[in-house]
Amino acid sequence: MVELFSPFLLAIIMPIVCNPVTAEDILQETFIQVYRSLPRYRGGSFKHWLARIATNKAIDWKRKRRQSLETMVEYPEQVGGPGLNPGSSVEDEVIHKETLANLLSLC
């Protein structure tokens, strides 16, 4: 099953996460979830069911990553991110926050 459906599922996951290593991790999590959920499979298109699980796993990963990045934008000093020095100017702080927001928008 893994060999048969991996290319198909990676084609679904990759556009969402844009990282081959992360996509492989999510693919592995997808197959673990499939194994755990087999008793609840209600029939229908097995391929569509796999695709839905993979999509949900990838979206969950992206959602968690976005929340983590938003935390870094709002509270960089608390999460160990690149914070500003206490003596930084207001302009430096604005530039720093805009840069982090721009990075966040790329994800």
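Our structure's up above, just so we're on the same page.
Residues numbered from 1 in each chain as written. Predicted model: local features only at pLDDT ≥ 70, side-chain atom pairs only at ≥ 80, totals over all residues. Heavy atoms only, no water.

Draft legend 1. Quick look at the overall build of the protein chain. Per the secondary structure count, the protein chain includes 4 helices and 0 strands. Going from N to C terminus, the protein chain has its helices and strands arranged as α-α-α-α. Within the protein chain, the fraction of its 107 residues that count as buried is 25%. When contacts within the protein chain are restricted to residue pairs at least 6 apart in sequence, those whose partners lie at least 24 apart make up 53%. For the protein chain, the computed accessible surface area is about 7,600 Å², with 56% contributed by carbon and sulfur atoms. (Helix = DSSP H or I, 4+ residues; strand = E, 2+ residues; numbered from the N terminus. Buried < 20%, exposed > 50% of the residue type's maximum accessible area, 1.4 Å probe, protein only. Contact = heavy atoms within 4.5 Å. Areas by Shrake-Rupley, 256 points an atom, 1.4 Å probe, with all protein chains shown as cover.)

Draft legend 2. How the structure looks around the nonpolar core. Core analysis: the biggest nonpolar cluster contains 15 residues, and Leu 9, Ile 13, Val 17, Leu 50 and Ala 58 have the highest contact counts within it. Elements with a minimum of two residues in this core: helix 1 (2-17), helix 2 (20-37) and helix 3 (46-74). Residues in contact with Ala 58, not counting those within four places in the same chain, are Ile 13, Ile 16, Val 17 and Ile 26. (Core = buried A, V, L, I, M, F, W, Y, C linked by side-chain atoms within 4.5 Å.)

Draft legend 3. Layout of helix 2. When the terminal C-alpha atoms of helix 2 are compared, their 25 Å separation across 18 residues agrees well with the 26 Å that a helix rising 1.5 Å per residue should span. Listed as buried for helix 2 are Thr 22, Ala 23, Ile 26, Leu 27, Thr 30, Phe 31, Val 34 and Ser 37. The opening residue of helix 2 is Asn 19, an N-cap whose side-chain oxygen sits 2.9 Å from the backbone nitrogen of Val 21. (Expected span 1.5 Å × (residues − 1). Polar contact = N/O pair within 3.5 Å; in protein donor to acceptor, adjacent residues only side chain to side chain.)

Draft legend 4. Fine view of the pattern of salt bridges. Per the counting criterion, the structure on display carries 1 salt bridge. Ionic pairing is found between Asp 60 and Arg 63, a salt bridge with its closest N-O pair at 3.4 Å. Remark: Arg 63 and Asp 60 occur in helix 3; sequence separation between them is 3 residues, near one turn of the helix. (Salt bridge = Lys/Arg side-chain N within 4 Å of Asp/Glu carboxyl O.)

Draft legend 5. Main features of the environment of Leu 50. The topology assignment puts Leu 50 in helix 3. Judged by relative accessible area, which is 0%, Leu 50 ranks as buried. For the pair Leu 50 and Thr 30, spaced 20 residues apart in sequence, the C-alpha to C-alpha distance is 7.9 Å. If sequence neighbours within four positions are ignored, Leu 50 has contacts with Phe 5, Leu 9, Thr 30 and Val 34.

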